[in-house]
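Structural overview
Now for the letters of each chain:
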Amino acid sequence: MPAFVPGSGSERVPAYVIVGNGIAGVTAAEILRTENEAAHITVIADDPFPVYYRPALKDYLAGRVREDRLWARPASFYQDHRIRFLPERVVGIRPEQHVLQLQSGRQIGYDRLLLANGARASTLTCPGITLTGVTTLRTVADYQAVLSRLSMVRSVVVSGSGTLALESVETLRHRGYEVTHLLRRRTLWSEVLDPVASDLVLQQERRDGVDVRLEEEIAGIVGENGEVSGVVTTRGERIPCELVLIAIGIEPLIDFIQRSGIACGRGVQVDSAMRSSAPDVYAAGDVLETSDPSSGRVRVLGQWYPAVQQARAAAYSMLDLLDTSQPFSASNFYNATFLYGLDFASAGLTRVPAPAGGHPYGRQSYQEIVAEPAARTYRKVILKDGIAVGMLTLGNRKNALALKRAIDHGVNLLPIAGQLFDDDFQLGDWLDRLGVPPPRSGARRVGDSVVRQAVSKHMGSQFIRPDTIGLKTVSSEEKKPRPVVGQAEPKEAVLIHMTSSSNPGLPVLPEKRLSQTRVITIGRQPGVSLFIDLASISRHHAEISYANGQYIMRDLGSTNGSYVNDARLEAGSAAVLTQNDVLRFGKMIEFVFKLRTLAPGSPISNPPSMPGISSAEDLERMETGIHAAIAGQTTLPPAFGQAVLQADGSLLLPGASSPLPADIVAILNGSPALVIILQGKPRVHLLKVGQHLVLGRDSSCDITLADITVSRAHAEIFSGPDGFYVHDIQSSNGVMVNSTRIDNPYRLAHGDHIGFGGVQAYFIDLHPAPEQFEAIHEKMKFPGETVRVEAVQVSRK
Amino acid sequence: MQTQAPTVKAPLVEGIQHRPDVKPLSDEAIRFEIDMCIGCDRCMRACPVPLSSSVSIADLNRATILDAIAPHIARFTDECVMCGSCVPVCPVDNHRDLLMLSLKQRLGISWNGQVDMSSLLNYLPEGWNIPRLLSRLREQPMFREPHMVPDNYLLHLVANSKLMTLMPGTTLMHEGEFGRELYLILEGHFALSSAGFDGHDLPVAVLQRGEYMGEHGMLTGQPRHETARAQTPAVVLEVPETVMHRLMELVPALPRFFAMLDDTRSIESILKRMALFAGIDDAGIRWIVQQAQVKHFAREERLFSEDGSNKPVRETLHILLEGFVKVARRTLAGTGRDKSDERIIAYRQHGDYFAGGLDLLGDSRAVTATAITRTRVAEIPGQALTSFFARYPEIGQRFQARLHEYRESAFVTGVLDASNDGAMAGLHALVGDGVVEGTEVLVIDLDKCIHCNECEQACARRHGHSRMNRKGMVVGNISITTACRQCQDPVCLLCSRAGIARLPGGEVYITESCIGCGICAERCPYDNISIVSLDEEMEHGEEHGQDNSLFQKFRRLMQEGAGKERGRKLLPMAPASALGPLDINTLQVPRDAVAEMRKKIAIKCDLCAGYSNQACVQACPTGAALRVQPTAFFGSTEEILRRRAE
């Protein structure tokens, strides 16, 4: 009589489609994958390379950043996250049918769609705009064009009044070019700066020798032989130059979105959960327009940090995991940069709104507190009825983040208005004393606040804040508080399944390692991190988060309940886990929560009953130098592990009974290799570029795997342009890479754990030479080619 | 967000002693800062760690917020010295140093990791093995408790130290030389001796296996007190100061242990030297040492004041174990030096003593004593003294006689110090600006100096950059240049990379391991260390049409060294400090040449260590530049006072 009912296992996995692979698209894709390991994720973009750090392009222009350092994600991004990438262009959406129309004629269905296709640079429609040497600044290609032209340039005209224009002016001026800066209005970056701040920055520019011209724009561009030779301004003046940079803003790419009937203004319009007017269509990043709730003004932000937060909010929203009680407000975000050498930060309102007709409140309720004027600094806070609603600091960012915290939580700053900008005033400490929570940093996942509350409650019971302890001692030595105290070494946490003898039919679940950077979800829905296919488990049963050094379990409203040490957690509530807690999900599945020392085999993890040298066996180990790694060996299940390099140079692979000798490891140092564990013995196959190996049970294969779970011809390993690939050739039991079955050729990375049916193997590549070192490596003749080691079988085709 | 209320997530992190105020970021703040990062790479460009040139900001960001930490990031994290160079350059106000701290916390303590014992095995004496080595180390009193100092820490300690087998008669330490190594005796006997008043060696002690030597030098930076000679064949572990410091950070019981022991030994040795206590047997000395209570005072801290609560019990004997102390008395407001309301009566330095609040001056009024440098004082309470005098009446008499003598002389100094303001001001300047702390000072006789600046130029010619500035404090006709004075107890000597070290002769020099993080420069109270960027130098070369390829950079570095004068003698390399957590990763991450190239270095005067002369003195056409030992040249503070008074 089976005491359990297996789950149906036929849950449909959702299909998410993201248009765009900039920072918004990529951030959202990462979250979707983290939260749902099974979902189908597709990214559609016309540029195959994932996101680069766009704000760093100014440093690229300055020659300070190499191009290869601009990439914010590795080339293996899609593969790492198991994302299908389509290098295509979207031409239309049919929201009713949940279908995307691509330029190639292909149609792609989606369950939920994220529009993160960004914006393009605005440009002018004046004569001469097509001349060589006239460019906008948006993409790497734009900057490359500028860089390649710089050698023939003496004078540059930059048009625009935003930060991009300012940064370009600064960079080019520092590189020694004559720069003219044209601004449409009297102020710089008028969305954020007030006239005082703007003047201060413009003064910096002028002091540095930039020709700043206010209320003057490009009326026409003149050239010779197709190349720019000068600019005619709206005041009729002619400025000779060899390069014209147009940095007058961005336009969201909304053509196909608007055509599809989705509400757009300057950009896509969304609600606080990033939902557009069409069902299941979300949007994030530069394609959005945002409206400021206090002024009602509509802006296209075009900034990095808001894009990341919008993407995070959108992704959580698509997963139905967005904490809508604390929505991210794009108007309050911490805006920090350098403005022509001056440290700048702002949050919230930066200018007192002019009293508008019909506006419910007048100017009177606003108050500006401005710091004592000092050279090249300008700092102010805006209060509304005493409550902090905005700040702007230029030249000195002390307390800026604390001010944002006060703004986020609507703190009344009137009591300290007089000392706010004093040098020795620590606003952060003052807010601490008031018990103001930390600043809101962005979009939050559902449950975050419950988890944080649980942690702070737990901490409160055992932690005394240092400032409340009288630290007055005699000697100055003692007076210095130790910078950090607490647990001696970092631990990792695992859930160990407790098998019960009364229900022998229950599945045996492997040990689950908890993460410190992501939430572990437990349930019957495919895609959760800890998948338990039993009917007594809810689809989304519980989750375990990590915050401030603690692991916290939260029940997700499960039918049969989640228990910590036999106490049922209320639906939605959370509990901090401690060592050896027994976690039960439903009636039958029990885990023990264990914390253990991170470094496997470190002797410090020995039980304390074994102080020092206690046994002859221990002595011997130390003598031979294999001191570490062995202590933990017996407790390490093969699934957990990473290859452990031991003190004597040998390599212990999880699942192998004997380590690889040091001399062979030395050879691995020079060449990528496949290490196959057969009957507990490691076998090394060095891989050569250009090789193509077939693995299988059949003796005609290049590498024969005598195991019944292996198909006759099971898989192939071949070298591609960028490394070695493994490919399943229609084997019965499949090829698993890092516990995931692969369908397509998979590029191997060092440490990948490969399963050919039941045969375990590891891909070892100790020198995955980055491009910059390639030349050196080629020159180094690897001695291993002449060394013959018996245990090594070098396969040759 | 540094404004965040304190968090509890705070595993121990090594190597941040110089940042006692550091406050780790919360998880949320880490996430916020990573989201803020725009990848401009300025932090990595500002980073002095050579490896930073091969770590991309994208990789670093991902390691900071994801579970996996790639080997090259782990190694970079370990090498990060938390100097904070990355913070002011960040356009978006991030705290990259605190982000690195969070990575350090996650990686844990490197000494919990595995030990590379391979190199050590070659040095083991005949017949020794690791268990024997460990059991010998366990004989050391501070290592007795395996649960305080785990085996793995000891193995790391050994792997980073030097194991030496010595023949009888070998001298390990020379009295008067500078050295900061600790010697653990694993086998054999050592005779400790010290030069007495008559210049003959006085045997101090015989140490054997299970004991150790050199902790005084290690803890205080002072020259060795004793000479140590092997009496039998011996095995010794020479532990560099940085390695010991690392262990002390990990095992907080160790610093306490050493402090206590060093206190006892220094009091003992001072007492033995004091004429006052001459002729007392060891037991008597030991008894009085046991009565002493040791206190530490930071710069500017008051030992006791005339009216304050720190007023000592009358007749307490204060012995200065370390540092300088200013003894002053309150006067009418505005009549003292620099219009202050105090009059300085005397300066006292290590080895000096005074009783009660009286400074043995015989005045019934108390005085205020303020530490000028880091100061350590042993206090022997009056009761203990009384019973001591009862046991050794001749000491009591000597003490009384001394007191009487002082009362007589006090009349003279007490009256005259105010009438000789110019001289006093000079003295105060010398002491206040720490010149007397120095062991060797470059001075310029302004009567002879023709302001040709040849000294600075000669320095630059020899070292590439001038390590001195001719201008400085002027006392009388003497200008004290702005250049390192090789302090007796240099505060700069605390480098986790062993980038600054001291030669036995006392020269404090920058080693080849220096990466120019600037922590020592910040610690120097006299601004005598500066940081130069090697990159800029290279870029400078480029402007002058030099080939700037990597190969050329190397060639130049190899052929010319950092300086421009050819054929420089290389200074001894300080031993590399602990490699770090991830010694195993040295195999996985190629230690390639680019990643090893330093971006910056510190420069400071090392008295032209390695050369036969000093460039500045040599180059002076008029003989105005002189190297002097401040105590010999200006006289000890006491003598100056007396001389000026006459």
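Cut-offs applied
- Residues numbered from 1 in each chain as written.
- Chains lettered and ligands numbered in written order.
- Predicted model: local features only at pLDDT ≥ 70, side-chain atom pairs only at ≥ 80, totals over all residues.
- Helix = DSSP H or I, 4+ residues; strand = E, 2+ residues; numbered from the N terminus.
- Buried ≥ 20, exposed ≤ 12 C-beta atoms within 10 Å, placed from the backbone.
- Pairing = 2+ DSSP bridges.
- Core = buried A, V, L, I, M, F, W, Y, C linked by C-beta atoms within 7 Å.
- Contact = placed C-beta atoms within 7 Å.
- Axes fitted to C-alpha atoms, helices over the stretch in contact; angles between N-to-C directions.
- Parallel < 35°, antiparallel > 145°, perpendicular 65-115°, else oblique.
- Left-handed = near helix turned anticlockwise from the far one by under 90°.
- Nonpolar A, V, L, I, M, F, W, Y, C, P; charged D, E, K, R; others polar.
- pLDDT = per-residue confidence, 0-100.

For chain A, the helix and strand inventory stands at 15 helices and 49 strands. Burial analysis of chain A (797 residues in total) assigns 40% to the buried set.

All names here are of chain A. Taken in spatial order, the five strands of this open sheet run β42-β41-β43-β44-β47, and their pairing is mixed. Here the strands that pair on one side only, and so sit at the sheet edges, are β42 (703-704) and β47 (746-747). Across four bridges, the pairing between strand β41 (residues 692-696) and strand β43 (residues 715-720) is antiparallel. In the strand pairing of β43, L695 is matched with A715.

Moving on, we get to the nonpolar core. Grouped together as the largest cluster of nonpolar side chains are 208 residues, with contacts concentrated most on A28, L114, A283, A284 and A314 of chain A. It is helix α8 (residues 304-318) of chain A that provides the largest number of residues to this core, a total of ten residues. Ignoring anything within four residues of it in the chain, the contact list for L114 of chain A reads I18, V19, G25, A28, Y282, A283, A284, A314 and M318 of chain A. Grouped together as the second largest cluster of nonpolar side chains are 42 residues, L157, L219, V236 and L250 of chain B included.

Right, let's talk about the sheet that holds strand β2 (residues 40-45) of chain A for a bit. Residue and element names in this part refer to chain A. Across the sheet, five strands lie side by side as β3-β2-β1-β7-β18; this open sheet has parallel pairing. Single-partner strands in this sheet number two, and they are β3 (84-87) and β18 (281-283). Ignoring which end each strand starts from, the neighbouring axes of this sheet average 20° apart. Bridge count between strand β1 (residues 15-19) and strand β7 (residues 112-115): four bridges; the pairing is parallel. By the bridge assignment, V17 is partnered in β7 with L113. Against the sheet, helix α1 (residues 23-35) engages β1, β2 and β7, with an angle of about 170° to β2.

To continue, consider the pairing of strand β8 (residues 234-239) of chain B. Residue and element names in this part refer to chain B. Most of β8 sits out of view: five of its six residues are buried. Where strand β1 (residues 162-166) meets β8, five bridges bridge the pair, whose relative direction is antiparallel. For L163, the partnering residue across the bridge sits in β8 and is L237. The pairing of strand β3 (residues 182-187) with β8 spans five bridges and is antiparallel. Counted as the bridge partner of I185 is V236 from β8.

Now for the packing of helix α11 (residues 253-273) of chain B against helix α12 (residues 282-291) of chain B. Two packed helices can be described by the angle between their axes and the distance between those axes. Residues and elements named next belong to chain B. Viewed as axis vectors pointing N to C, α11 and α12 meet at an angle of 130°, and their least axial separation amounts to 10 Å. One way to sum up the angle between α11 and α12 is to call them oblique. Crossing handedness for the pair α11 and α12: right-handed. Residues T264, I267, E268, L271 and K272 of α11 form the contact with α12, whose own contacting residues are I285, I288 and V289. The residue inventory of the contact of α11 with α12, partitioned by class, reads five nonpolar, one polar and two charged.

Residue and element names in this part refer to chain A. The predicted model of chain A averages 79 in pLDDT, with 80% of residues at 70 or higher. Residue range residues 599-641 is modelled with pLDDT below 50. Its contacts to residues more than four positions away, or to other chains, number 88 contacts. This stretch, residues 769-797, has a pLDDT under 50; its non-local contacts, to residues over four places away or in other chains, come to 30 contacts.

Another aspect to go through is the packing of helix α1 (residues 27-36) of chain B against helix α3 (residues 57-65) of chain B. Residue and element names in this part refer to chain B. Relative to each other, α1 and α3 sit at 160°, their axes nearing to 10 Å. Relative to α3, the element α1 is oriented roughly antiparallel. Note that α1 runs across α3; the crossing there is left-handed. Residue-level contacts link I30, R31 and I34 of α1 to N61, T64 and I65 of α3. Considered class by class, the residues forming the contact of α1 with α3 number three nonpolar, two polar and one charged.

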